[in-house]
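# Structural overview for review
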Amino acid sequence: MHDLRAISLLFQMRADFIEAHDYGSGHINDTYCATYNQAGHVVRFIHQRINHHVFKNPIAVMENVSRVTRHALANLLAQGNPEAHRRTLTCIPAHDGKPYAIDADGNVWRTYPFIEGARGYDEIECNEQAYQAAKAFGAFQKLTADLTGERLHETIPDFHHTPKRLEALEAAVRADHVGRAAGLQPEIAFARERATDCSRITDMLASGAIPERVTHNDTKLNNVLLDEATAEGICVIDLDTTMPGCALYDFGDMVRTAAPTTREDDPNVTQIGVRLDRFEALVKGYLSTADFLNQAELSQLAFSGKLITLECGIRFLTDYLNGDTYFKIKRPDHNLDRCRNQFAFVTALEANLDAMDEIVQRAIR
Ligand code: ADP
Ligand code: GN1
Ligand code: MG
């Protein structure tokens, strides 16, 4: 636990610190919810330490986040939205005016107002939530499409270059740092058998059939906050990987996290299946705002869920082979459970691909 009172003093809080505690279930950053007294009212803020092992250049991350959130706020204000500051993250400035502060140990911190009356879901509860989440992520892509100025920084190069993720797995197998490879032959073979799938979208990007766009790149369900009363998508969060990318990986990650019958790390995978009703809600929600996709992108919507689930499984397996250095874990075989779960869901998606394509075609018609 960091000294959050000391961290709070680095920002222009205009309120008095009361307490802070660990918050959320993200796999990457250290997130704290802090309570303050603001002239007699209790208000909450999020303080976050950026994981600089994952993001090698946290200041570049904050330059992106600051640009994107200022753009979003300007758009919301121009539309006359009465709760613009609840509809986008906004950075509380540090004393030097920067959207981040650096502590005595060199950690980079940021502070956001806590978005009240809304929450993210690790597991989806109904089709309406799937629809609203997808609609919000589509709207976010549309919003970033008219961002002017320089290209955003690539905060993690080749983040969704699936063939390179497969290469990283092969390197981890060869190095076998913690002696786990021998026991993982079925999982390694599962990934290798799908090498052709891994390159399908990157090939289409390279040929120009699919355009580069500014995308979120981490559209798991718990990275959008839904209104607790109405389920409306209120605010897209976790903007660290918002950068040039491919719209299909964003849609795919919604499928990965909102269409399975169980959560991402459930070790009991024999029953895992695809909720086609959830998938249909995602397609309809996404297409209601993402009205800019070309034919090639539309043709791969159903496949995209399988691709990123495969990629994510490969990443969990690679991290397990490397000794669990990237994703936060809560138990010794957590990454292995996650990998097996993702690969089981890939198999389920393969069995449902035609049905999913049919749903996409119907939605387009
Ligand atoms: P990570 O990269 O580790 O996933 P996130 O930015 O997604 O970190 O934050 C972790 C969790 O904290 C989120 O899933 C969400 O529940 C919560 N959270 C983050 N920012 C806010 C905010 N401004 N208001 C309310 N909750 C937030
Ligand atoms: C991480 O940060 P979080 O928990 O929202 C990861 C995603 C993975 C996801 C798997 C920067 O997302 O790429 O898909 O875990 N984020 C980063 O749950 O690597
Ligand atoms: Mg997150």
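In this text the structure is predicted, and so the values were computed from the model without any measurement.

Conventions used here
Throughout, residues of each chain are indexed from 1 in the direction in which the sequence is written. Here every chain gets a letter starting at A, and every ligand a number starting at 1, in the order they are written. Whole-chain, interface and lining totals are the exception, using all residues; otherwise, since this is a predicted model, local features are given only for residues with pLDDT of at least 70 and side-chain atom pairs are given and counted only at 80 or more. Side-chain measures were taken over the full set of non-hydrogen atoms in the model, leaving aside hydrogen atoms and water. When at least one non-hydrogen atom of a residue lies within 4 Å of a molecule or strand, that residue is treated as near it. Polar contact is defined as a pair of N or O atoms within 3.5 Å, subject to the rule that within protein one atom must be able to donate a hydrogen and the other to accept it, and that residues adjacent in sequence are counted only when both atoms are side-chain atoms. Computed with the Shrake-Rupley method and a 1.4 Å probe, the accessible areas treat only the protein chains shown as cover for residues. A run of H or I in DSSP counts as a helix once it spans at least four residues, and a run of E counts as a strand once it spans at least two, with each numbered from the N terminus. Only Asp, Glu, Lys and Arg are considered charged, only Ala, Val, Leu, Ile, Met, Phe, Trp, Tyr, Cys and Pro nonpolar, and every remaining residue, Gly among them, polar. Residue ranges for the domains originate in an automatic or database domain assignment. Centres within 6.5 Å are what make two rings of Phe, Tyr or Trp a pair, Trp counting through its six-membered ring; a difference in plane orientation under 30 degrees is then read as stacked, over 60 as edge-to-face, and the rest as tilted. For every residue, the accessible area (1.4 Å probe, protein chains only) is compared with the maximum for its type, and the residue is labelled buried under 20%, exposed over 50%, or partly exposed between those bounds. Only when the NZ of Lys or the CZ of Arg is both within 6 Å of the ring centre and within 35 degrees of the ring normal is a charge said to sit over the ring. What counts as an axis is a line fitted to C-alpha atoms, over the stretch in contact for a helix, and the angles between N-to-C directions run from 0 to 180 degrees. Angle categories: roughly parallel below 35 degrees, roughly antiparallel above 145, roughly perpendicular from 65 to 115, and oblique for all the rest. Any two residues having at least one pair of non-hydrogen atoms within 4.5 Å are treated as being in contact. Two strands are counted as paired when DSSP detects at least two bridges linking them.

### Section: the site of ligand 2
Residues in close proximity to ligand 2 total 17 residues, the closest being His27, Lys220, Glu264, Arg315 and Tyr326. Within the side chain of Asn223, an N or O atom sits 3.0 Å from an oxygen atom of ligand 2. Note that an oxygen atom of ligand 2 is positioned 3.4 Å from one of the side-chain N or O atoms of Arg256. Taken by itself ligand 2 offers 440 Å² of open surface, and the protein chains cover 97% of this. The element best represented in the shell around ligand 2 is helix H12 (residues 301–321), accounting for 3 residues. Per-class residue counts for the shell around ligand 2 are 7 nonpolar, 4 polar and 6 charged. Both domains that meet at the shell around ligand 2, namely domain 1 (4–116) and domain 2 (127–364), each give it at least three residues.

### Considering the site of ligand 1
Around ligand 1, the surrounding shell holds 19 residues, and the nearest of these are Asn29, Gln48, Ile115, Asn223 and Asp238. Between Asn29 and ligand 1, the recorded distance is 2.9 Å, taken from a backbone N or O atom to an oxygen atom. Measuring from a nitrogen atom of ligand 1, one finds a backbone N or O atom of Ile115 at 2.9 Å. The protein chains hide 93% of the 550 Å² of surface that ligand 1 would expose on its own. Looking at the shell around ligand 1 residue by residue, the classes come out as 10 nonpolar, 8 polar and 1 charged. A domain-level breakdown of the shell around ligand 1 finds at least three residues from each of domain 1 (4–116) and domain 2 (127–364).

### Points about the packing of aromatic side chains
The way to describe two aromatic rings as a pair is by their centre distance and the angle between their planes. Evaluated as defined, the whole model comprises 9 aromatic pairs. Aromatic pair Tyr326 and Phe327: ring centres 4.8 Å apart, planes at 70 degrees, arrangement edge-to-face. Looking at Tyr326, the relative accessible area reads 25%, which means it is partly exposed. On the accessibility criterion, Phe327 (9% relative accessible area) is buried. Three or more aromatic residues joined by ring pairs make a cluster, and in this case those are Phe17, Tyr36 and Phe45. When the ring centre of Phe190 is taken as reference, the NZ or CZ atom of Arg194 above it lies at 3.6 Å.

### Comments concerning the packing of helix H9 (residues 247–258) against H12
Following both chains from N to C, one finds H9 and H12 inclined at 75 degrees, their axes separated by 7 Å at the closest point. Taken together, the axes of H9 and H12 lie roughly perpendicular to each other. Here Leu248, Tyr249, Phe251, Gly252, Asp253, Val255 and Arg256 of H9 lie close against H12, whose contacting residues are Leu301, Ser304, Gly305, Leu307, Ile308, Thr309, Glu311 and Cys312. Along the lines of polarity and charge, the residues of the contact of H9 with H12 split into 8 nonpolar, 4 polar and 3 charged.

### Focus on the pairing of strand E2 (residues 30–38)
Summarising burial for E2: 7 of the 9 residues are buried, a large majority. Bridge count between strand E1 (residues 16–22) and E2: 6 bridges; the pairing is antiparallel. Its bridge partner lying in E2, His21 is registered against Cys33. Sheet topology note: the E2/strand E3 (residues 41–49) ladder contains 9 bridges and is antiparallel. Along E3, the bridge assignment pairs Thr35 with Arg44.

### Looking at the sheet that holds strand E6 (residues 118–119)
If you trace the 3 strands from one edge of the open sheet to the other, you get E6-E8-E9, paired in antiparallel fashion. In this open sheet, the two strands that pair with only one neighbour each are E6 and strand E9 (233–236). Across 3 bridges, strand E8 (residues 224–227) lies against E9 in antiparallel orientation. Within E9, the position partnered with Val224 by the bridge is Val236. On the sheet, helix H4 (residues 127–145) packs against E8 and E9 and is oriented at approximately 125 degrees with respect to E8.

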